[in-house]
Amino acid sequence: FHRILALGPDMTVEREIALPTRCGGFGFGPDGRFYMISADEEFEDLKFGTLDISQSAPAFEAIGAMPEEARSLVYDGSRWWTSLRDANEIASFNP
């Protein structure tokens, strides 16, 4: 599935958000915007970008390319971090 579920305080599904691509990780960045690692069906051609999850079918806006082994995404307030799975490393970046 290419979706994210928004849960209510009682853990019931309030809304389903359709994602336009496969997701290698997502996080919330500056100003609370939603960012994710987008992937094609073969989980190649990874891109870092953003989308407006307030829309029912948001479009992905690519910001830059990511290494094919990138999985997960977190923002610490100043830098982005991802796991480079094949290298067994954690890497930081600024887009």
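Calculation rules
Residues numbered from 1 in each chain as written. Predicted model: local features only at pLDDT ≥ 70, side-chain atom pairs only at ≥ 80, totals over all residues. Heavy atoms only, no water. Helix = DSSP H or I, 4+ residues; strand = E, 2+ residues; numbered from the N terminus. Rg over C-alpha atoms; globule rule 2.2 N^0.38 Å. Buried < 20%, exposed > 50% of the residue type's maximum accessible area, 1.4 Å probe, protein only. Contact = heavy atoms within 4.5 Å. Areas by Shrake-Rupley, 256 points an atom, 1.4 Å probe, with all protein chains shown as cover. Lys, Arg positive; Asp, Glu negative; His and termini not counted. Charge placed at Lys NZ, Arg CZ, Asp CG, Glu CD. Pairing = 2+ DSSP bridges.

Novice: Help me out: how do you make sense of the overall build of the chain in this one?
Specialist: A count of helices and strands for the chain gives 0 helices and 9 strands. For the chain, whose C-alpha radius of gyration is 13 Å, the value lies close to the compact-globule estimate of 12 Å for 95 residues. The principal-axis extent of the C-alpha atoms belonging to the chain is close to 40 × 30 × 25 Å. Counting across all 95 residues of the chain, residues that qualify as buried make up 33%. Contacts spanning at least 24 positions in sequence make up 26% of the contacts within the chain whose residues lie at least 6 apart. Summed over its atoms, the accessible surface of the chain is roughly 5,900 Å², and 51% of this surface lies on carbon and sulfur atoms. On the chain, the mean spot of the 8 positive side-chain charges and the mean spot of the 16 negative ones are 1 Å from each other.

Novice: What is the right way to look at the pairing of strand β8 (residues 80–84) in this model?
Specialist: Moving residue by residue along a regular strand, the side chains alternate between the two faces of the sheet. Going residue by residue along β8, you find W80, T82 and L84 tucked away on one face and W81 and S83 left uncovered on the opposite face. Here strand β7 (residues 70–75) runs beside β8; their pairing, made up of 4 bridges, is antiparallel. Each residue of the ladder has a partner; that of V74, found in β8, is W81. The hairpin formed by β7 and β8 contains 4 residues between the paired strands, and G77 there has a positive phi angle of roughly 105°. Where β8 meets strand β9 (residues 89–93), 5 bridges bridge the pair, whose relative direction is antiparallel. Note that in β9 the partner of W80 across the bridge is F93. Between β8 and β9, which pair antiparallel in sequence order, lie 4 residues; one of them, N88, sits at a positive phi of approximately 55°.

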